[in-house]
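Examining the three-dimensional arrangement
The primary structure of each chain is shown beneath.
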Amino acid sequence: MGQRHDQQTVKVGLGKRSYDIVIDPGGVQRLGTYCQALGLSGKVGIVTNPTVDRYYGASLRKAMVNAGFTCRTIRVPDGEQAKTVRWTSYILDQLVKHRFERRSVLMALGGGVVGDVTGFAASLYLRGIPFVQVPTTLVAQVDSSVGGKTGVNHPLGKNLIGAFYQPVLVLCDTETLHTLPRREWLAGLAEVMKYGVIIDKKFFAFLEERMGHLLDVKDEDVIKVVKRCCEIKAWVVAKDEQESGLRRILNYGHTIGHALESLGRYKRYIHGEAVGIGMVHEALLAHHLQLCSASVVHRQRELIQRTGLPVHMPVHSFSKLWAAMLHDKKVSQGIVHCVLPKSIGNVQVTPLEQRVVKRWYARGVNLPTRGPADAPFTRRSSR
Ligand code: NAD
Ligand code: GLY
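Residues numbered from 1 in each chain as written. Chains lettered and ligands numbered in written order. Predicted model: local features only at pLDDT ≥ 70, side-chain atom pairs only at ≥ 80, totals over all residues. Heavy atoms only, no water.

**Some details on the confidence of the model for the chain**
Of all residues in the chain, 93% attain a pLDDT of 70 or more, and the chain-wide mean is 92. Low pLDDT, under 50, characterises residues 366-383; the predicted model gives this stretch 41 contacts beyond four residues in sequence or across chains. (pLDDT = per-residue confidence, 0-100. Contact = heavy atoms within 4.5 Å.)

**Quick notes on the site of ligand 1**
Ligand 1 sits among 26 residues. The nearest are Asp-78, Gly-112, Thr-136, Thr-137 and Thr-179. Between an oxygen atom of ligand 1 and a side-chain N or O atom of Asp-78, the distance comes to 2.8 Å. For ligand 1, a nitrogen atom lies 3.0 Å from a polar atom in the side chain of Asp-116. Here ligand 1, which alone exposes 860 Å², has 90% of that area covered by the protein. Of the residues forming the shell around ligand 1, the biggest block, 4 residues, is contributed by helix α2 (residues 50-66). A breakdown of the residues in the shell around ligand 1 according to their chemical character gives 7 nonpolar, 10 polar and 9 charged. (Near = heavy atom within 4 Å. Polar contact = N/O pair within 3.5 Å; in protein donor to acceptor, adjacent residues only side chain to side chain. Areas by Shrake-Rupley, 256 points an atom, 1.4 Å probe, with all protein chains shown as cover. Helix = DSSP H or I, 4+ residues; strand = E, 2+ residues; numbered from the N terminus. Nonpolar A, V, L, I, M, F, W, Y, C, P; charged D, E, K, R; others polar.)

**Details of helix α9 (residues 254-263)**
Within α9, 8 of the 10 residues are buried, which leaves it mostly tucked inside the rest of the structure. Looking at α9, one finds that the buried residues are His-254, Thr-255, Ile-256, Gly-257, His-258, Ala-259, Leu-260 and Glu-261. Directly beyond the C-terminal end of α9, a positive phi value near 50 degrees is found at Arg-265. (Buried < 20%, exposed > 50% of the residue type's maximum accessible area, 1.4 Å probe, protein only.)

**Some details on the site of ligand 2**
Inspection of the region around ligand 2 gives Asp-143, Lys-149, Lys-233, Glu-243, Arg-247 and Leu-250 as its neighbouring residues. In the environment of ligand 2, an oxygen atom lies 2.9 Å from a nitrogen or oxygen atom belonging to the side chain of Lys-149. With respect to ligand 2, the side chain of Lys-233 contributes an N or O atom lying 2.6 Å from an oxygen atom. For ligand 2, the protein covers 88% of the area, taking 200 Å² as the surface of the free molecule. For the shell around ligand 2, a count of residues per class yields 1 nonpolar, no polar and 5 charged.

Below, the structure written as structure tokens:
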């Protein structure tokens, strides 16, 4: 691949299905060259939504056409509503209609929603065609574009239909993050912090030191952060592609987070916001279970609060919260498995007993507060 001084590469080592994550500010304009270098050619279906298309569609198409590709843009609606079997079917219809072949390429230009539905369609068409991820949100660059989890929602649950299907290339053009709405940027930072807690205490300390720069979206720090998160995710995925063990640690904050998303009908919180609240409360639960010290909770809560992300649990009865937690994909034989921190940089997967969580929930938080920003945790009902 043509090297640029500010381009960096992280490899996802999966044998014959290995691929590069290229972190290249402004790289959308060079995507045709990257694809050529992989031996790709011919037709490319660019799946995107109207918002992202408006910003980056034209430059991406230009880059691909200049490299000899024939482009077909396939637009899906903006938002989670595009993650359905129906929109997967629409993408497949377009591929059939325009005679896409086994060697044709499907490309996802957008956030996690576009990436998930496009990857799923790529896994199905002709039993799998090459798939390129061009993530344009922080969540997608540090998480969803890497690792091959693709899929869509069912009316009864999120991400219930899908496949493990790896891309042939991930291009993280960090310049695209400059147009991201502020709320989406902050939500992505919660997923970034997650990596520090699960595996890398130095990275967590770096985030504590540089959060000001990240809040200002300073390029140098953004690139460092995207790269480190991709390295961690690539390492975890290479060790456990299909989540039979280690990969479960990536779900830290998600057992409570997913429950809150679903209780809020996917309107109250966007994903990263719910994950931030989930991280704080899974840490509190770990502290209650005497797995970690109070400082493990305080450091996470402080860092999340500095971003302005919510940290407080909305009021829900325990029975509702528990029922929502039981819908999580990590439930096995009726037991909720939750990732809990032992220290910053070290977590364990723990089966949760309902009565234990209920007792914790009924008590609320018993950590001392640390000034006005650290308001006490309150809860009205445990029933
Ligand atoms: P998203 O894809 O909905 O994007 C958020 C918003 O930002 C959208 O309105 C989008 O149009 C807009 N947008 C995207 N890029 C932009 C840009 N550069 N400039 C301006 N606006 C832009 O949300 P997301 O947070 O990226 O992804 C969430 C989805 O990802 C969820 O469905 C979640 O389940 C999934 N996910 C999947 C994995 C995985 O491993 N596959 C991991 C995490 C999350
Ligand atoms: N986002 C969790 C995973 O990829 O496993």
